[in-house]
Amino acid sequence: MEVKNVVESLVWNNLDSVLARKEGACRCERCRADIAAYALNRLKPRYVVTARGEVYVKAEFLTPQFQLDVITALAEAVNQVSEHPNHGQPEE
């Protein structure tokens, strides 16, 4: 049985649409990962172990507040990573 953070899927699924709104934002693999990590660290995780639980949490995403929370966290992450990109630096 797998434990899954559904919010992580929602962040990755919405990343491109938020990036598209930020002209000049880097879309390299490292910056995308940094954006996702930054956003996820600011969102409450929603762990599930069943498909039914995943559907329930994804249904919550349809509420305006939950959508706003995810999009806001991503927008803040894009701005932060754009101002302080880590690409080109050695992996630690």
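Before reading on, note that the structure itself is shown above.
Residues numbered from 1 in each chain as written. Predicted model: local features only at pLDDT ≥ 70, side-chain atom pairs only at ≥ 80, totals over all residues. Heavy atoms only, no water.

Novice: I'm lost on the overall build of the protein in this one. Help?
Specialist: Regarding its fold elements, the protein presents four helices and two strands. Counting helices and strands in the order they occur from the N terminus, the protein gives β-α-α-β-α-α. Principal-axis analysis of the C-alpha atoms gives the protein an extent of 40 × 30 × 15 Å. The 92 residues of the protein split such that 32% are buried. The contacts of the protein with a sequence gap of at least 6 include a subset with a gap of at least 24, amounting to 80%. Carbon and sulfur atoms make up 51% of the accessible area of the protein, which totals about 6200 Å². Looking at the protein, you have 11 positive and 13 negative side-chain charges, and the mean spots of the two groups are 6 Å apart. (Helix = DSSP H or I, 4+ residues; strand = E, 2+ residues; numbered from the N terminus. Buried < 20%, exposed > 50% of the residue type's maximum accessible area, 1.4 Å probe, protein only. Contact = heavy atoms within 4.5 Å. Areas by Shrake-Rupley, 256 points an atom, 1.4 Å probe, with all protein chains shown as cover. Lys, Arg positive; Asp, Glu negative; His and termini not counted. Charge placed at Lys NZ, Arg CZ, Asp CG, Glu CD.)

Novice: Please explain the nonpolar core as it appears in this structure.
Specialist: The nonpolar side chains of soluble globular proteins are, as a tendency, buried together. If you look at the biggest cluster of nonpolar residues, it comprises 23 residues, and the most contacted ones within it are Val 11, Ile 35 and Leu 74. Excluding anything up to four places from it in sequence, Ile 35 contacts Leu 15, Leu 19, Leu 74, Ala 77, Val 78 and Val 81. (Core = buried A, V, L, I, M, F, W, Y, C linked by side-chain atoms within 4.5 Å.)

Novice: I keep staring at the packing of helix H1 (residues 6-20) against helix H2 (residues 29-40) and nothing clicks. Help me out?
Specialist: Where H1 meets H2, the axes come as close as 10 Å, and the angle between the chain directions of the two elements is 125°. Put simply, H1 runs oblique to H2. As for how H1 packs across H2, the hand of that crossing is right-handed. Every residue of H2 that contacts H1 at Val 7, Glu 8, Val 11, Trp 12, Leu 15, Asp 16 and Leu 19 is listed here: Arg 32, Ala 33, Ile 35, Ala 36, Ala 39 and Leu 40. Within the contact of H1 with H2, the residues separate by chemical class into ten nonpolar, no polar and three charged. (Axes fitted to C-alpha atoms, helices over the stretch in contact; angles between N-to-C directions. Parallel < 35°, antiparallel > 145°, perpendicular 65-115°, else oblique. Left-handed = near helix turned anticlockwise from the far one by under 90°. Nonpolar A, V, L, I, M, F, W, Y, C, P; charged D, E, K, R; others polar.)

Novice: I tried to follow the packing of aromatic side chains on my own but got confused; where do I start?
Specialist: How two aromatic rings sit relative to each other is given by the distance of their centres and the angle of their planes. All chains considered together, the criterion is met by one aromatic pair. A centroid spacing of 6.0 Å and a plane angle of 80° characterise the contact between Phe 61 and Phe 66, whose relative ring orientation is edge-to-face. A residue is classified by how much of its surface remains accessible, and Phe 66, at 15% relative accessible area, is buried. (Phe/Tyr/Trp six-rings, centres within 6.5 Å; stacked < 30°, edge-to-face > 60°.)

Novice: I would appreciate a short explanation of the state of the cysteines in the present structure.
Specialist: Among covalent bonds in proteins, the disulfide is the one between the sulfur atoms of two cysteines. Within this structure, the stated rule accounts for zero disulfides. Unpaired in terms of disulfides, Cys 28 finds its nearest cysteine sulfur in Cys 26, a separation of 3.5 Å. Taking the relative accessible area as the measure of exposure, Cys 28 reaches 25% and is therefore partly exposed. (Disulfide = S-S within 2.5 Å.)

Geometric values such as these leave the question of function open.
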